[in-house]
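Tertiary structure, described
Chain residues, written in single-letter form:
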Amino acid sequence: MAKLDGQVAIITGGASGIGAETAKLFVQEGAKVVLVDMDEAKGNALASELSSQGADAIFVTADVLNEVQVNDVFSKTISEFGKVDILFNNAGIGAVKPSEQLDFSEWRKTVGVDLDGVFLVAQKAIKQFLQADGGVIVNTASMYGLVGSPGSAAYNAAKGGVINLTRSLALEYAERNIRVNALCPGFIDTPILGETDRQMLSDSTPMKRLGKPEEMAKAVLFLASEDSSYMTGNTLTLDGGYTAQ
Ligand SMILES: NC(=O)c1ccc[n+]([C@@H]2O[C@H](COP(=O)([O-])OP(=O)(O)OC[C@H]3O[C@@H](n4cnc5c(N)ncnc54)[C@H](O)[C@@H]3O)[C@@H](O)[C@H]2O)c1
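Every value quoted in this text rests on a predicted model; they were computed, and no experiment measured them.

Reading the values: the criteria
- Residues numbered from 1 in each chain as written.
- Predicted model: local features only at pLDDT ≥ 70, side-chain atom pairs only at ≥ 80, totals over all residues.
- Heavy atoms only, no water.
- Phe/Tyr/Trp six-rings, centres within 6.5 Å; stacked < 30°, edge-to-face > 60°.
- Helix = DSSP H or I, 4+ residues; strand = E, 2+ residues; numbered from the N terminus.
- Buried < 20%, exposed > 50% of the residue type's maximum accessible area, 1.4 Å probe, protein only.
- Near = heavy atom within 4 Å.
- Polar contact = N/O pair within 3.5 Å; in protein donor to acceptor, adjacent residues only side chain to side chain.
- Areas by Shrake-Rupley, 256 points an atom, 1.4 Å probe, with all protein chains shown as cover.
- 1 Å grid on protein atoms, 1.4 Å probe; cavity = no way out; pocket = protein on both sides within 12 Å on 5 of 7 lines; lining within 4 Å.
- Sits in = over half its atoms within 2 Å of the grid points.
- Nonpolar A, V, L, I, M, F, W, Y, C, P; charged D, E, K, R; others polar.

Let us look at the packing of aromatic side chains. Tallied over the full model, the rule gives three aromatic pairs. Where Tyr-144 meets Tyr-242, the ring centres are 6.2 Å apart and the plane angle is 85°; that geometry is what we call edge-to-face. One end of the pair, Tyr-144, is in the loop between strand E5 (135-140) and helix H5 (153-173); the other, Tyr-242, is in the segment after strand E7 (235-238), and 98 residues separate them in sequence. Taken individually, Tyr-144 and Tyr-242 each receive the classification buried, so the pair is uniform in this respect. Aromatic side chains Phe-187 and Tyr-242 sit 5.5 Å apart centroid to centroid with 85° between the ring planes, which places their arrangement in the edge-to-face category. Here Phe-187 is found in the loop between strand E6 (178-185) and helix H6 (198-203), whereas its partner Tyr-242 is found in the segment after E7, with 55 residues between them in sequence. With a relative accessible area of 11%, Phe-187 lands in the buried category.

The full set close to the ligand counts 27 residues, and Ser-16, Ile-18, Asp-37, Tyr-155 and Thr-190 are the nearest of them. Here an oxygen atom of the ligand and a backbone polar atom of Gly-186 are 3.3 Å apart. The protein chains hide 92% of the 820 Å² of surface that the ligand would expose on its own. Because more than half of its atoms lie within 2 Å of the grid, the ligand is assigned to the largest pocket. Those elements that provide at least two residues to the shell around the ligand are helix H1 (17-28) and H5. Here the residues of the shell around the ligand are counted per class, giving 15 nonpolar, nine polar and three charged.

Structural data, given as structure tokens:
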């Protein structure tokens, strides 16, 4: 039997990278998926591709910082599929700049999407889960939520926040059958890396290569499925050994 048979999953940042690969794996495992992203073209294309293969997949355009649009995501999910079982809370942006050059508006935008947005979508999911029989949240943090690095203070602060938000929500709802865990990727080969020198990132990783989004998707499946049924408030780090250094 497939690991997510009949489950309904909302995936933010679902149009690209880790979110898109997770959507593909989730539908293979029997889930119905709601892709959420600001990138309408890529989101619609992936939803059409999955639907043409026989999967139940829809795309909803939303900014995770826009409460009206986030509410719309949950309304459309309920009207289309009748319930929500899983939230993969994964949308995020990077910001690489020395701190003395970072405009306060850039700080606020990064912390906004990468931390406030994670809380907002998690809160809406929890409201649904409390009316049902529980649910599962997987938040995408980063290895940079566990260790510091120069040049990305806003991102690192936000991701550290996601890890402790994960622990706090897990404890708050542990008795309500709601599990909340975090994924901490290392350097993964997705568009978020932008112009960053990939060779330099590989060289700084003990395994001497970037991670693949497909490798992250398998970990998300573990965290979202019954395979991790006794795990909550925790982080799963997939970083080629980076944080073991
Ligand atoms: N790739 C890496 O090296 C790496 C490492 C650690 C953590 N992460 C995290 O993984 C997550 C997924 O990133 P990815 O690597 O797949 O990158 P990606 O750029 O391929 O995907 C991120 C997606 O999030 C969407 N998005 C951005 N802001 C949004 C918003 N306000 N509302 C809705 N959607 C929004 C983008 O449009 C994009 O489709 C992010 O949270 C990122 O911080 C990535």
